[in-house]
Amino acid sequence: MPPTPPAQAAEQPLVVQYLYVHAPGDSYDYPSSRAQAGPEQLAARYLECALVQAASLRLRGAACRLALVSNVTDTRALGSRGARLWAQIESLDVEMVHAEYEHRRPHELTTYASSCYVLDAIDAAYAYAGPDAQLWLTDVDCVWVDPPLMFAAAPAPTRLGCIHVPYPPDWMVNGFTPRELGAIAGQMGGEGAPTRWVGGELLCGSAADLRGLVEACEQLEAELAERDLSLTTEEQLFSIAAALGRTSFEDLSDVAQRIWTGPRHGAPAVAEPERLGLWHLPSEKGLGFRRAAGEILAGRTHGLARDLDDPTRAMARFNIAGGGLARRIRDDAWLGLQRLRAVM
């Protein structure tokens, strides 16, 4: 049985991060992870992000509970750095909740191999917090810039909050375009128009409504299998489920966005990121998150707290704005030093 959550915090929203840790010999590829040396390094890279996200809430005094759902049962499997990060996350009053990966894709995948672990995280959070809890499930590489703004944007009952990603109809994303997903939905009784793409980095709503999303995805996969079809990521499942009217999403893009950083991503710029409450920063795993996690492990949180209090400083810290040649040289030098230390 899962542990009983503290009664005095039962009414607060529960922010749920989730991380599936691979075993040696697993096949996987996470293109933005900046980790190529095996499961220990990969786990450490994602735990660095989880630590910084938790700190972005705790340092701001956010009125919420925090949880990390993972399949880890023995922190020795994380390596020395991973174990240190795990302990530091726990020290921030993060509730550790266990879940195995029961919603694996029906065929072998390597790219984003654990993408559907979010369904297991929902099940675990539902069992842990109860059906009435307000859950905010986030990818670990997110920073909470304005928690009150986010919590105030919680969707109405029976609806789920997400970020709709404005991909063009023929933009290929992990094997499918929005137009192709729409065509699949059309075969299953939908309108057949290109789907609105539901991002997987943020899901929020009551635990009961999110559990309904899991059930909708399970049913959808069974129907797809009957048609000899299989999707590759949770985002595709969510998008088709919404296109078929089996779940109802509310777009929270006004308060949360996926933001690509660095000079080579090619994605469109996000307007006024300083006005957002949550940043999803996939390309900062090896730099912004890693650097901030090192500061936290060293007990130096003053600088991070100061930067989070000022969106302009926070944007500079996480490379959303304020870059230039000098900054790029400095960051490249820092990354080079980290690689040298790893080799040594």
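For the structure, see preceding data.
We now turn to the structure provided with this report. These figures come from a predicted structure and were not determined experimentally.

The rules behind each value
- Residue positions are given per chain, counted from 1 along the sequence in the order it is written.
- Where local features are concerned, this predicted model is filtered to residues with pLDDT of at least 70; where side-chain atom pairs are given and counted, the filter is 80 or more; whole-chain, interface and lining totals use all residues.
- Side-chain numbers come from the whole structure's heavy atoms, not from hydrogens or water.
- Any two strands with at least two DSSP-identified bridges between them are counted as paired.
- The secondary structure listing takes helices from DSSP runs of H or I that are at least 4 residues long and strands from runs of E that are at least 2 residues long, numbered from the N terminus.
- In this analysis, axes come from line fits to C-alpha atoms, helices being fitted only over the stretch in contact, and the angle between any two N-to-C directions falls in the range 0 to 180 degrees.
- Burial status follows relative accessibility: with a 1.4 Å probe on protein chains alone, a residue under 20% of its type maximum counts as buried, one over 50% as exposed, and anything between as partly exposed.
- Positive residues here are Lys and Arg, negative ones are Asp and Glu, while His and the chain termini are left out of the count.
- Here, a salt bridge means any Lys or Arg side-chain nitrogen found within 4 Å of an Asp or Glu carboxyl oxygen.
- Nitrogen and oxygen atoms within 3.5 Å of one another constitute a polar contact, given that in protein one can donate a hydrogen and the other can accept it, and given that sequence-neighbouring residues count only through two side-chain atoms.
- Pairs of residues are marked as contacts when any of their non-hydrogen atoms sit within 4.5 Å.

1. Some points on the sheet that holds strand E5 (residues 142-144)
Pairing is mixed in the open sheet, where three strands are placed in the order E5-E12-E11. Because the sheet does not close on itself, it has two edges, and the strands there are E5 and strand E11 (256-258). Shown here is a sheet whose adjacent strand axes are inclined to one another by a mean of 10°, direction ignored. Pairing analysis gives three bridges linking E5 to strand E12 (residues 278-280), with the strands arranged antiparallel. Bridge pairing in E12 links Cys-142 to His-280.

2. Remarks on the side chain of Asp-120
When you line up the elements, Asp-120 lands in helix H3 (residues 117-129). No salt bridge is formed by the buried Asp-120; the nearest opposite charge belongs to Arg-104, separated by 7.7 Å. There is a polar contact of 3.1 Å between the side chain of Asp-120 and the backbone nitrogen of Glu-102. For Asp-120, the residues in contact, after removing those within four places along its chain, are Ala-99, Glu-100, Tyr-101, Glu-102 and His-103.

3. Thoughts on the environment of Arg-81
With respect to the helices and strands, the residue Arg-81 is situated in helix H2 (residues 79-91). In this structure, the C-alpha to C-alpha distance between Arg-81 and Arg-45, residues 36 residues apart in sequence, is 9.7 Å. A polar atom in the side chain of Arg-81 sits 2.9 Å from the side chain of Glu-48.

4. A closer look at unusual backbone geometry
Of all residues except glycine, most have a negative phi; of all peptide bonds, most are trans. Phi at Asp-93 takes a positive value of approximately 60°, unusual for a residue other than glycine. Relative to the assigned elements, Asp-93 resides in the loop between H2 and strand E3 (94-98). Phi at Thr-158 is positive, roughly 80°, even though this residue is not glycine. With respect to the helices, strands and loops of the structure, Thr-158 is situated in the loop between helix H4 (147-152) and strand E6 (160-162). The class of Thr-158 is exposed, set by a relative accessible area of 60%.

5. A look at the pattern of salt bridges
Going through the model one piece at a time under the given rule, you end up with 19 salt bridges. We note a salt bridge from Arg-258 to Glu-235, for which the minimum N-O separation is 2.8 Å. Placement of Arg-258 in strand E11 and of Glu-235 in helix H7 (residues 234-243) is noted, with a sequence separation of 23 residues between them. Using a relative accessible area of 10% as the deciding quantity, one classes Glu-235 as buried. Arg-306 is paired through a salt bridge with Asp-307; the nearest N and O atoms lie 3.3 Å apart. Sharing partners across several salt bridges, the network here consists of Glu-295, Arg-306, Asp-307, Arg-313 and Arg-317.

6. Re the environment of Gln-187
Counting through the fold element by element, Gln-187 comes out in helix H5 (residues 178-187). Along the backbone, Gln-187 and Arg-227 are 40 residues apart, and their C-alpha atoms lie at a distance of 9.7 Å. The residues touching Gln-187, leaving out its near neighbours within four places in the chain, are Arg-227 and Leu-229.

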